[in-house]
Amino acid sequence: MANNESPTPPHRRPLRQPKERDKYFKLRNILNIIFMVGAIVGCLVFYYSDHLTGTIVIMGAMAFKFVECALRIFNR
């Protein structure tokens with residue numbers, strides 16, 4: 001074989017099909033936004049005010065993230 005040619009052609013992946021959005025896509029995005037805002041507010045309260053209140057706010061934000069993760073996992 002000349003020029004380092006292989007007897008078999010190189011493997012090519014098929015083009016990926018665009019994934020269709022699941023029915024919970026919008027709800028998951030809203031839950032993620034609530035989580036991010038809650039985490040930022042909780043951190044600000046934690047560092048600049050009361051530690052207990054900041055911890056409670058962060059834990060409340062985490063509850064929204066758990067719900068979002070559960071939707072993602074159980075929707076497969």
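Rules behind the numbers
- Residues numbered from 1 in each chain as written.
- Predicted model: local features only at pLDDT ≥ 70, side-chain atom pairs only at ≥ 80, totals over all residues.
- Heavy atoms only, no water.
- Helix = DSSP H or I, 4+ residues; strand = E, 2+ residues; numbered from the N terminus.
- Contact = heavy atoms within 4.5 Å.
- Axes fitted to C-alpha atoms, helices over the stretch in contact; angles between N-to-C directions.
- Parallel < 35°, antiparallel > 145°, perpendicular 65-115°, else oblique.
- Left-handed = near helix turned anticlockwise from the far one by under 90°.
- Nonpolar A, V, L, I, M, F, W, Y, C, P; charged D, E, K, R; others polar.
- Salt bridge = Lys/Arg side-chain N within 4 Å of Asp/Glu carboxyl O.
- Phe/Tyr/Trp six-rings, centres within 6.5 Å; stacked < 30°, edge-to-face > 60°.
- Buried < 20%, exposed > 50% of the residue type's maximum accessible area, 1.4 Å probe, protein only.

Caption draft 1: Main features of the side chain of glutamate 68. Tracing the sequence through the fold places glutamate 68 in helix α2 (residues 51–74). With residues up to four places along the chain from it excluded, the contact list for glutamate 68 reads Arg28, Leu31 and Asn32.

Caption draft 2: Region of the structure containing the packing of helix α1 (residues 25–48) against α2. Following both chains from N to C, one finds α1 and α2 inclined at 165 degrees, their axes separated by 8 Å at the closest point. Here α1 lies roughly antiparallel to α2, going by the angle between them. Here α1 and α2 pass one another in a crossing that is left-handed. Here the residues of the contact of α1 with α2 are counted per class, giving 16 nonpolar, 7 polar and 4 charged.

Caption draft 3: Structural view of the pattern of salt bridges. Counting across every chain of the model gives 3 salt bridges. Note that glutamate 68 and lysine 65 form a salt bridge whose closest N and O atoms lie 3.3 Å from each other. Here the residue glutamate 68 and the residue lysine 65 both occupy positions in helix α2, the gap between them amounting to 3 residues, near one helical turn. Via salt bridges that share partners, Arg28, Lys65, Glu68 and Arg72 belong to a single interconnected network.

Caption draft 4: Just the packing of aromatic side chains, in detail. Using the criterion set out here, one finds 1 aromatic pair in the structure. Centre to centre, the rings of phenylalanine 46 and tyrosine 47 are 5.2 Å apart; their planes meet at 90 degrees, and the pair counts as edge-to-face. Given the relative accessible area of 25%, phenylalanine 46 is considered partly exposed. A relative accessible area of 61% places tyrosine 47 in the exposed class.

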